[in-house]
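Coordinate inspection notes
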Number of protein chains: 2
Amino acid sequence: MREPRKAPTMADVARVAGVSAMTVSRALKSTSSVNPDTRKAILEAAEAIGYVLDGTASSFRLQRSGFVAATIPSIDNANFAATVGALTEGLKAAGLEVLLGATNYDLAEEERLIEQFLRRRPEAIVVTGGSHTDRARRMLEQAAIPLVETWDLPAEPIGHVVGFSNAAAIRTMVDHFADAGYRDIAFIGGEAARDSRGHDRRQGFVEAMTARGLDAGRLIDAGPPPISVREGALAMRALIERGLGAQAVICVSDLAAFGALTECQRQGLAVPRDVAIGGFGAYEIAAYSVPTLTTIDARAAEIGAEAARLVTGLLDGRIERTERLRIEVPYRLLIGQSS
Amino acid sequence: MREPRKAPTMADVARVAGVSAMTVSRALKSTSSVNPDTRKAILEAAEAIGYVLDGTASSFRLQRSGFVAATIPSIDNANFAATVGALTEGLKAAGLEVLLGATNYDLAEEERLIEQFLRRRPEAIVVTGGSHTDRARRMLEQAAIPLVETWDLPAEPIGHVVGFSNAAAIRTMVDHFADAGYRDIAFIGGEAARDSRGHDRRQGFVEAMTARGLDAGRLIDAGPPPISVREGALAMRALIERGLGAQAVICVSDLAAFGALTECQRQGLAVPRDVAIGGFGAYEIAAYSVPTLTTIDARAAEIGAEAARLVTGLLDGRIERTERLRIEVPYRLLIGQSS
DNA sequence: TTGAAAGCGCTAACAG
DNA sequence: CTGTTAGCGCTTTCAA
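Quick caveat, the model's predicted, so the values are computed rather than measured. (Residues numbered from 1 in each chain as written. Chains lettered and ligands numbered in written order. Predicted model: local features only at pLDDT ≥ 70, side-chain atom pairs only at ≥ 80, totals over all residues. Heavy atoms only, no water.)

Quick look at the overall build of chain A now. Counting its secondary structure elements, chain A contains 13 helices and 12 strands. Since a compact globule built from 339 residues should have a radius of gyration of about 20 Å, the 25 Å found for chain A marks it as more spread out than a globular shape. With the C-alpha coordinates of chain A rotated into their principal frame, the extents come out at 85 × 45 × 30 Å. Out of the 339 residues in chain A, the part that is buried amounts to 55%. By sequence separation, contacts in chain A at least 24 residues apart represent 68% of the contacts at least 6 residues apart. Each charge sign in chain A was given a centre, from 38 positive and 42 negative side chains, and these centres are 5 Å apart. (Helix = DSSP H or I, 4+ residues; strand = E, 2+ residues; numbered from the N terminus. Rg over C-alpha atoms; globule rule 2.2 N^0.38 Å. Buried < 20%, exposed > 50% of the residue type's maximum accessible area, 1.4 Å probe, protein only. Contact = heavy atoms within 4.5 Å. Lys, Arg positive; Asp, Glu negative; His and termini not counted. Charge placed at Lys NZ, Arg CZ, Asp CG, Glu CD.)

Written out as structure tokens, the structure reads:
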């Protein structure tokens, strides 16, 4: 196949076009003034020898990488994918690219990723959540670049925040169920330690139940994240096997809720007649399952878009870098047929 | 918040530690020999002033970016996410990072992405599918770096290939349905132009039906990709409204199949009694929907892992760069309750 | 084991 | 409009 020959440089283009490297550089930038004929000759020469601008050299010289680093717990997640998609889109106009990494819900892995990313000299960094290892926090602080923490409202943010209260969102859902007359409500969620958003949601459940004088003790642990359909189904089965004892089940995500729903169907329980179900995340499946699922729309894309606005604003000076901003993206309760 | 001060360089560390920059460089590499005391002092100095190695300068000097560029049609897709996850994992040991971009099923966008990525001087590039614009093909050829085309077996590959025949996979599924006695089978898929894998699947459907002397005319267009639950449901509704006339429906993906399934449920059709359904991709939902879905497992993670093996092998010389490799990852038919 | 010099490819700044 | 010079931060090479 292809020979691993050396890539041509501006000097090569310059030689072919009979100009200096500097003129080539200018010709490739549409903003600088170059004689039209000269530019034409240069572009043709570049095309002829297959020249592609060396962005590594360029960004090194400019001391601007053009990268914004972003970490999410998992790539395979419609919510985070939507956030990243909107972030990428929002940064495009500013000529910024997203360097994406998945932590797999592991703070140690997040720390490794952050260290690796900081070596690439990103111009800003967008992370999911406000929980980080001490070393990660220190690295982020020392990096002295705009930092945005998303999908959460951390008690002690390191940088700017674009998110919402996961606890409040679940409280809203509990209120919805309680107002509808449900008293015995269970919560299917995951291990507290590895997923702060999941933890906050469980916290919100306990708070809301307690505030209403209801039993907040029906907590089913669905194991470590990612908590998906399978985990929801298994947790529901465990709940049914121990005698259910709940008229409603709130799940940490729609995928788990869908798993719980299908488990009910397999076990011959009617939803919502025998059990009502609530999810989280407004995944597409919530709108198409039979019955549709009551859920919380966390506005994943808006979170990414806001983060992009924040980053570009901070980088071009439209936003002061001195104050720590906190942008709350309002979640929405979507009532489905499952409750 | 943080002052946008200038990041410390090796020279700064050297000054603090009382050595030369070169010694700092060596001290940070575990492979070079440096006096243990000197190294200790240097690492402390680095820690003290918050020094982080400038990877952009390093890779510029070394003329090695440490990047492998990868393009996928969409981030929000469990199959491509699995491929990228395995690719990332497989490249980690070689010190390579993945620069990920989504084309949104748009060849023009893919061309833009490839151009952008090539500027970053990736050491290899992994793309999804074998359809590219002419300019993209030219750029990929001229880049003279290892190229892997995945998820397909292109008739005219530009580089190495790790994939499977989407047409053959669907033929296998058609055979399964036909062997089970189904004669009138419909296919729900998308616009041919934008998604070559979807196009090949439809092609496979037509071939297999024709080969068996069955009517290959029941093709329902679900519109442009991404074809998800909603599109599957709408297509199924359209099919039902025009009188169904099929005992089985094969969908271009499990998400569409799930949409079709739920539409049947909404319309009071029993699956598989009234209609059988087949999907594609072995998404988690196929294993948990009620009934479970018959599907094709394309082994998304294996594709990514094989691509990583290929890339690392080509880069470190274990694999000859001269021959065009074609690695076929065998798909599997998974029979569910829906057929 | 440590240091000095050179240069990777590009572009800002200045000069013509 | 075009050219020359210098240098971004690092590591290879050569020397001590």
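Still to come is the rest of the account.
The next point concerns the protein's contact with DNA strand C. The local shell around DNA strand C holds 24 residues, among which Ser25, Tyr51 and Arg61 of chain A together with Thr23 and Ser33 of chain B are the closest. The sugar and phosphate moieties of DNA strand C supply 60% of its atoms located within 4 Å of the protein. At 2.6 Å from a phosphate oxygen of DNA strand C is found a main-chain nitrogen or oxygen belonging to Met10 of chain A. Between DNA strand C and Thr23 of chain B there is a distance of 2.3 Å, counted from a phosphate oxygen to a side-chain nitrogen or oxygen. Where the surface near DNA strand C is concerned, the elements lending two or more residues are α2 (21-28) and α4 (55-62) of chain A together with α2 (21-28) and α4 (55-62) of chain B. (Near = heavy atom within 4 Å. Polar contact = N/O pair within 3.5 Å; in protein donor to acceptor, adjacent residues only side chain to side chain.)

What follows deals with the interface of chain A and chain B. The interface of chain A with chain B comprises 67 residues on the first partner and 67 residues on the second. Between chain A and chain B, a total of about 5600 Å² is buried, with carbon and sulfur atoms accounting for 54% of that surface. Where chain A touches chain B, the interface holds eight salt bridges. A salt bridge links Arg121 of chain A to Asp54 of chain B; the shortest N-O distance between them is 3.8 Å. (Buried area = accessible area lost by both parts, 1.4 Å probe. Salt bridge = Lys/Arg side-chain N within 4 Å of Asp/Glu carboxyl O.)

Turning our eyes to something else, we now look at the protein's contact with DNA strand D. In the vicinity of DNA strand D there are 24 residues, among which Thr23, Ser33 and Arg61 of chain A together with Tyr51 and Arg61 of chain B approach most closely. Restricting attention to atoms of DNA strand D within 4 Å of the protein, one finds that 55% of them are sugar or phosphate atoms. Taking Ser25 of chain B, its side chain carries an N or O atom lying 2.6 Å from a phosphate oxygen of DNA strand D. Residue Arg61 of chain B places a side-chain N or O atom 2.5 Å away from a base oxygen belonging to DNA strand D. Secondary structure elements with two or more residues in the surface near DNA strand D: α2 and α4 of chain A together with α2 and α4 of chain B.

This next bit is on the pattern of salt bridges. According to the stated counting rule, one finds 52 salt bridges over all chains in the structure shown. The salt bridge partner of Arg218 of chain A is Asp184 of chain A, with a shortest N-O separation of 3.5 Å. Taken as a pair, Arg218 of chain A in the loop between α9 (196-211) and β7 (219-221) and Asp184 of chain A in the loop between α8 (166-179) and β6 (185-189) lie far apart in primary sequence, 34 residues in all. Arg218 of chain A gets classed as buried once you look at its relative accessible area, which sits at 18%. With relative accessibility at 25%, the residue Asp184 of chain A sits in the partly exposed group. The closest approach of N and O atoms between Arg64 of chain B and Glu123 of chain B, which form a salt bridge, is 3.0 Å. Taken as a pair, Arg64 of chain B in the loop between α4 and β1 (67-72) and Glu123 of chain B in the loop between α6 (107-119) and β3 (124-128) lie far apart in primary sequence, 59 residues in all. Relative accessible area serves as the criterion here: at 45%, Arg64 of chain B is assigned to the partly exposed category. If you follow the salt bridges from partner to partner, you end up with Glu89 and Lys92 of chain A together with Glu109 and Arg112 of chain B in one network.

The operation relating chain A to chain B is a screw motion whose rotation component is 180°, with 0.1 Å of axial translation and a residual RMSD of 0.1 Å. Within this description, the copies of the chain are treated as partners about a two-fold rotation axis. Of the residues that chain A buries at the interface, 100% are likewise interface residues in chain B, meaning the two copies contact each other through the same surface. (Least-squares fit on C-alpha atoms with pLDDT ≥ 70 in both.)

Let us now look at helix α11 (residues 254-266) of chain B. Residues and elements named next belong to chain B. For α11, spanning 13 residues, the distance from its first C-alpha to its last is 18 Å, which sits close to the expected 18 Å at 1.5 Å a residue. Counting buried positions along α11 gives 10 out of 13 residues, so the element sits mostly inside the fold. Buried within α11 we find Asp254, Ala256, Ala257, Phe258, Gly259, Ala260, Leu261, Thr262, Glu263 and Cys264. A positive backbone phi angle near 80° is found at Gly268, which sits one or two residues after α11. (Expected span 1.5 Å × (residues − 1).)

Here the focus is the layout of surface pockets. All names here are of chain B. Of the pockets and cavities examined, the second largest pocket occupies roughly 350 Å³. As for the second largest pocket, its lining consists of 26 residues, and the residues nearest its centre are Leu107, Gly129, Gly130, Ser131 and Ser196. For the lining of the second largest pocket, the secondary structure elements donating two or more residues are β1, α6 and α9 (196-211). For the lining of the second largest pocket, the leading source of residues is α9, giving four residues. Looking at the lining of the second largest pocket residue by residue, the class counts come to nine nonpolar, eight polar and nine charged. (1 Å grid on protein atoms, 1.4 Å probe; cavity = no way out; pocket = protein on both sides within 12 Å on 5 of 7 lines; lining within 4 Å. Points joined across faces, edges and corners; volume = space filled by probe spheres on them. Nonpolar A, V, L, I, M, F, W, Y, C, P; charged D, E, K, R; others polar.)

Here the focus is empty space enclosed by the protein. All chains considered together, the criterion is met by six cavities of 30 Å³ or more. When its volume is computed, the largest cavity comes out at roughly 160 Å³. Lining the largest cavity are 16 residues, and of these Leu107, Thr128, Ser131, Arg194 and Arg197 of chain A sit closest to its centre. Where the lining of the largest cavity is concerned, the elements lending two or more residues are β1 (67-72), α6 (107-119) and α9 of chain A. Looking at the lining of the largest cavity, you find at least three residues from each of domain 2 (65-164 + 300-328) and domain 3 (166-297) of chain A. Around the second largest cavity sit Thr56, Ser59, Ser65, Phe67 and Arg120 of chain A together with Thr56, Ser59, Ser65, Phe67 and Arg120 of chain B, which together line it. Where the lining of the second largest cavity is concerned, the elements lending two or more residues are α4 of chain A together with α4 of chain B. (Domains from an automatic or database assignment.)

For the rest of this paragraph, the subject is unusual backbone geometry. Geometrically, the link from Val290 of chain A to Pro291 of chain A is a cis peptide bond, its omega value of 0° lying close to zero. Considering the arrangement of structural elements, one finds Pro291 of chain A in the loop between α12 (284-288) and β10 (295-297). Residue Asn104 of chain B is not a glycine yet carries a positive backbone phi of 55°. By secondary structure assignment, the location of Asn104 of chain B is in the loop between β2 (97-102) and α6. In this structure, Ala282 of chain B is a non-glycine residue whose phi angle is positive, near 50°. If you trace the backbone, Ala282 of chain B turns up in the loop between β9 (276-278) and α12 (284-288).

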